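Single-letter residue listing:
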Protein chains: 2
Amino acid sequence: MKPSIPKGTRDFLPAQVYRREYIFGTVRRAFQLYGYQPIETPAMENLATLTGKYGEEGDKLLFKVLNNGDYLAKADQKALDERDSNGLVASISKRGLRYDLTVPFARYVVMHQNDLSFPFKRYAIQPVWRADRPQKGRYQEFYQCDADVVGSPSLVYEAELVRLFDVVFNELGLKVVIRLNNRKILAALAEVAGHSDKMMDITIAIDKLDKIGIEGVRRELDKRDIPAAAQDIIEKFLAVDSLDEFEPLVADSEIGREGLAELREVFDFIEAMSVTNRVTFDVKLARGLNYYTGAIFEVEVDLDAHPGVKMGSIASGGRYADLTGIFGMKDMPGVGISFGAERIYDVLEELELFPDSNPAQLTALIVCLDDETMATGFKLVNQLREAGINSDLYPTAAKLNKMLKYANQRDVPHVIIIGSEEAKSGVYSVKNMRAGEQVKLDLAGLISQLQS
Amino acid sequence: MKPSIPKGTRDFLPAQVYRREYIFGTVRRAFQLYGYQPIETPAMENLATLTGKYGEEGDKLLFKVLNNGDYLAKADQKALDERDSNGLVASISKRGLRYDLTVPFARYVVMHQNDLSFPFKRYAIQPVWRADRPQKGRYQEFYQCDADVVGSPSLVYEAELVRLFDVVFNELGLKVVIRLNNRKILAALAEVAGHSDKMMDITIAIDKLDKIGIEGVRRELDKRDIPAAAQDIIEKFLAVDSLDEFEPLVADSEIGREGLAELREVFDFIEAMSVTNRVTFDVKLARGLNYYTGAIFEVEVDLDAHPGVKMGSIASGGRYADLTGIFGMKDMPGVGISFGAERIYDVLEELELFPDSNPAQLTALIVCLDDETMATGFKLVNQLREAGINSDLYPTAAKLNKMLKYANQRDVPHVIIIGSEEAKSGVYSVKNMRAGEQVKLDLAGLISQLQS
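So, the domain arrangement of chain A
- Parsing chain A into structural domains produces domain 1 (14–62 + 99–350) and domain 2 (364–451).
- Distance from the C-alpha centre of domain 1 of chain A to the C-alpha centre of domain 2 of chain A: 51 Å.

Some details on the sheet that holds strand E13 (residues 391–393) of chain A
Residue and element names in this part refer to chain A.
- Pairing is mixed across the open sheet formed by 5 strands, whose spatial order is E13-E12-E14-E15-E16. Each end of this open sheet is capped by a strand with a single partner; those strands are E13 and strand E16 (438–442). Strand after strand, the sheet turns through a mean of 30° between neighbouring axes, direction not considered.
- Examined bridge by bridge, strand E15 (residues 427–432) and E16 share 5 bridges and lie antiparallel to one another. Within the sheet, the bridge partner assigned to Val427 lies in E16 and is Asp442.

Regarding the relation of the copies chain A and chain B
- Take chain A, turn it by 180°, move it 0.0 Å along the axis, and it overlays chain B with an RMSD of 0.1 Å. The superposition operator between the copies reduces to a two-fold rotation axis. Proximity to the rotation axis, assessed at the C-alpha, singles out A:Val65 in chain A; its C-alpha lies 2.2 Å from the axis.
- Of the interface residues in chain A, 99% have counterparts in chain B that sit at the interface too, so the contact is made through matching surfaces.

Here's the deal with the interface of chain A and chain B
- Between chain A and chain B, the residue contacts involve 101 residues of the former and 100 residues of the latter.
- Carbon and sulfur atoms supply 58% of the area that chain A and chain B bury against each other, a total of about 8600 Å² over both sides.
- Contact with chain B buries area across many residues of chain A, yet A:Leu33, A:Arg83 and A:Phe378 alone supply 8% of it, more than any other trio.
- On inspection of chain A and its partner chain B, the count reaches 10 salt bridges.
- Of the charged contacts, one joins B:Asp392 and A:Lys121 as a salt bridge, the two residues approaching to 2.7 Å between their closest N and O atoms.
- Its residues assigned to classes, the side of chain A that touches chain B comprises 57 nonpolar, 23 polar and 21 charged.

Some points on the sheet that holds strand E10 (residues 315–320) of chain B
All names here are of chain B.
- Across the sheet, 8 strands lie side by side as E1-E5-E6-E11-E10-E9-E7-E8; this open sheet has mixed pairing. Unpaired on one side and paired on the other, strand E1 (37–38) and strand E8 (278–281) mark the two borders of the sheet.
- As paired elements, E1 and strand E5 (residues 120–129) share 2 bridges and run parallel to each other. Residue pairing in the sheet places Gln37 in a bridge with Arg122 of E5.
- The strands touched by helix H6 (residues 102–111) within the sheet are E5, strand E6 (141–150) and E10, with E6 carrying the most contacts at an inclination of about 45°.

Structural notes on the nonpolar core
- By size, the foremost hydrophobic cluster in this structure holds 263 residues, and its most contacted members are A:Phe169, A:Phe339, A:Ile416, B:Phe169, B:Phe339 and B:Ile416.
- A:Ala131, B:Met44, B:Phe63 and B:Ala131 belong to the second-largest nonpolar core, a separate cluster that totals 14 residues.

Quick look at the pairing of E10(B)
Residues and elements named next belong to chain B.
- Counting buried residues in E10 gives 6 out of 6 residues, a clear majority hidden from the surface.
- Neither face of E10 is left uncovered, since the one carrying Ala315, Gly317 and Arg319 and the one carrying Ser316, Gly318 and Tyr320 both have all their residues buried.
- With 4 bridges connecting them, strand E9 (residues 295–301) and E10 associate as antiparallel partners. Bridging from a neighbouring strand, Ile296 pairs with Gly318 of E10.
- Where E10 lies against strand E11 (residues 334–339), 6 bridges are found, and the strand directions are antiparallel. Bridge pairing links Gly317 to Ile337 in E11.

A word on the pattern of salt bridges
All names here are of chain B.
- All chains considered together, the criterion is met by 76 salt bridges over all chains.
- The salt bridge partner of Arg278 is Asp304, with a shortest N-O separation of 3.6 Å. A residue pair is termed long-range when its members are at least 10 positions apart, and Arg278 in strand E8 and Asp304 in the loop between E9 and E10 qualify at 26 residues.
- Accessibility expressed as a relative area gives 66% for Asp304, which makes it exposed.

With respect to helix H12 (residues 243–250) of chain B
Residue and element names in this part refer to chain B.
- Along H12, the positions that sit buried rather than exposed are Leu243, Phe246 and Val250. Mapping the buried residues of H12 onto a view down its axis gives an arc of 45°, with all of them on the same face. Along H12, the residues that are exposed and aim more than 90 degrees away from the buried face are Asp244 and Pro248.
- Where H12 is buried, its residues meet helix H8 (183–192), helix H11 (228–239), helix H13 (254–271) and E8.

Conventions we followed
Residues numbered from 1 in each chain as written. Chains lettered and ligands numbered in written order. Predicted model: local features only at pLDDT ≥ 70, side-chain atom pairs only at ≥ 80, totals over all residues. Heavy atoms only, no water. Domains from an automatic or database assignment. Pairing = 2+ DSSP bridges. Helix = DSSP H or I, 4+ residues; strand = E, 2+ residues; numbered from the N terminus. Axes fitted to C-alpha atoms, helices over the stretch in contact; angles between N-to-C directions. Least-squares fit on C-alpha atoms with pLDDT ≥ 70 in both. Contact = heavy atoms within 4.5 Å. Buried area = accessible area lost by both parts, 1.4 Å probe. Salt bridge = Lys/Arg side-chain N within 4 Å of Asp/Glu carboxyl O. Nonpolar A, V, L, I, M, F, W, Y, C, P; charged D, E, K, R; others polar. Core = buried A, V, L, I, M, F, W, Y, C linked by side-chain atoms within 4.5 Å. Buried < 20%, exposed > 50% of the residue type's maximum accessible area, 1.4 Å probe, protein only. Arc of directions from axis to C-beta.

Structure, rendered in C-alpha cells:
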C-alpha cells in the first residue's frame, strides 16, 4: 500500500514550517503589541452552530463528522430509504469542522460573556476546513489569522487595525496599499441613485470597475435594471478620489453623511500615527456579500514597489454592527481583520523576502572522524546545548564527505569536526558551511562564535 | 438557540492559552536546542492510513469525516439496506481525523523519504482526536508533543532524550523521576522463566506490582497459567534494583545480555551528562501493549519533592525497530518521546508552578479621564507600541473606577492615567496594579520603566 494524503491537504517539510512560523510569529507579535489576546476554540463544532451561517453554498462545503457507534440505528429512516444524502446528514452527524474563525468566535463570546471584559480584543491563528474543489493556492485545510475587538463602537480601533496591517507588512518587508471604504457610503450611493433596494446589485457591479471599465459597469447595471439616470449618479461617485469631493454628493443622505464623518475620523486618527504604507479611500471597495456595516479594509501588494506580483487581497477586514445576534445575544458591535497567511506565503516566496535562516534552526553539527572521538563529540554537543546553542551530533563516526553532505542537507551553518588531534587538544576545527572557510577554536571561543 | 460545544472539547480563555503556550513553548525550545525539526501533517488523513493501526478498539475511536456531495449514491447499498453502520463506513467516509502523531509521521517518512536526510529528527506539537467517552482529564481533542529520531540505531539518542526530559522539566520547575527499562529485558525475563510465548501476560502482571504487591502479581500469574517455578524466577527479577545484580539473571539469555548491554551504554552516556533529575532502572516498566522493541522511558512527578501529587506518567517514550513497515518501507528504526501536555498543565496548576505573567500579555493600559485627553492617549499608546511595549488604550473617556476595574479584569500590571494636567505637562500618572503605588513619569521614563 502506497500511502497518500487527502486531496487539498498538505504535509509541511521543516523549511516550510519555519517559513510559515515566520509569518504567524510576525502576525502574533503585532497582535500582542496591540493588546489582542489569544483564544482557542475546538476544531469540531456542533453542526448546529455552523449550519446556515455561510449560505447554502457554505453548508455544502462544511466537513461533517460521522457520529460514532451504531449511527444508523438513530438515523432518519425515511431519508435512508430514500437515499436522501442531504436529509440524512443531521441524524448521522452531530459535529462539523470549523469553516472560519468568526462564527466560533461569536459562539465563544456568547458562551463566555461572563468571563470576558469588554471591549474584548481577541486574536486566533488556527486552521479551518472547507470542502472546496482543490486547486492551485486553494486548500481544504488552511490557516486563518484573525484579530477582532468587540463590545465597542469606537473608531479608534479602525485606525489601530490599519496601523496593525502597516506594522505587520513592514516587518515582513512587503510594501502594500491599504484600501478603505465604508458600507454607509455604499448605502448612500444606492440611496442617492434612488435604488436603496439594489445596494447589493450596485456594489457587485462597481466592484468590477478595475477589470471591465466604466462602460462595463454600466452594462452590468443595465442587466440589473438600473436606469441610465441612476447610472450617471453612480458614475459620479466612482470618479471621486478624495473625501472632500465626496461631500456634496452625500449632502442629502443621512447615512452618507454618517459614513463620510466616520471615514474622516478614521483618516484623522491614521494621520496621527506613523503609518508608512499608502492608505487610500476607495469607493469601489465592497468586500462581497458579507456582514460588514461600517468600515471596510482591503490590503494588496503595492505594485509600484513590487511590479508584476499577481495576487488579490492579502489581508482584509471591516466593522460589523452585530456579531452575536445569530446566537441570540444583542448589541455586540465590533471590527476585525484577517491576514491571508497562505497568500502572504506565496508572495514572500515569489519576492524572495523570507529570511535566510530562522533562530529555531540548527546552528552547529558535530561530526567525529573515528569511534574513539565520539565521547568527545557527545560531551561537546552537551556543552553547546547547555550554552543555549541549537546543536546536534552525527551519531556515529563516518566518512567526512558523507557527514558534510548530511550537514548540507540539514542546512546547518557550522560543522565542528573532531579527529584524534582535536579530541586531545580541545581545539576544534569549525567549518563555516556558507563561507566555506575553516577556523580552529577552543570551547570558549566556539561558544562565543556560535552565540553571536 | 443557546450555543454549546461538543462534549469532550474545550474553549480556552486567554489566561489558559498563555499557560498552554508556556508549556508548548518550553517543550518546543528544548526540541530545537537538541536539533529536532518541526514538521506538520494535516488534521484529516485518508481513513485507509489510520484504520487497523490502533487495534479494534482504536478503530472505533477514530473520528470519520463524511464524504461531501451525494455520498449515499456511492454508498455500499447492501450495508445501507442492512443498517450495518460498521460495514457502511468505508463507502461514505474517505477521511478521518488523526488519532496520534506517530502513524502520520510514519506515513510522512515514507512519502517524503527523498526529501529527508537520515537520521531524521522531527518534532510535532499538534492536536489529535479520539472518540473516547469524555471524563475528567480526558478529552476528544487534545495536544500531543512528540520528538522522534528515525534512521539510526545509535543509543546516543536514548541518552539525549533522557536529558531532554530533564531539561524540559527543570525549565518548568518540576522535579521528576525518569524510569528506564528495555523491552529486551522483559523478553529475557519471559525466556528465562520458560514462557517466551507469554511475555505480554507477564509484563501486564508485573506492571501492577506497585498497586497489588508481589502476592497480587503471583495471583495474576496464576490466572494466566504461569506455574510457581516461573513465578519464582519472575520474583527474582522484580527484586533487582541495579544493573549489576541483574547480570547473573540474564547470563544465559542472548536477548537479555543484549538488553543489559544497551541499558549500560545508555546509563554511561547519561552519566557523562549533567542530568539533574533522578534516572532509575525499573524492570517493571512495560509501557503497555505497544510497538517498542528496545529502551522504554516513563516520567513521573518526583513525590519526594512534590508530595501528594496524584498523576500517572507525564511523559514517556521508547525505541522501535520498525516505524514504517506498516506502509511497506523497511529498516526504519527509531526512538521517540512524547510529553503529556494536558497532564503537565494540571500538575503545574496544582503546584502553582505557572509563572505569574507571560511576556505576550498586556504591559500597559492607558485610560483617559475626559474626551479632550483622548488624543493624547491615542498618541501615547502608539509611542509605547513603537517602543515594543504591549499596550492598549481604553477607547473612550469614562469613570476612573470603571476603567480600573477593566484593567483588573485584563490583569494588566500598569495603568497610565491621563487627565487634563497630564495631557498638558506630558508627565503621566502610572499606577502599578500589583503593588498599588502610583508614580509620575515622562515619556522616556515611562518607556524605560515598562521595558524593564
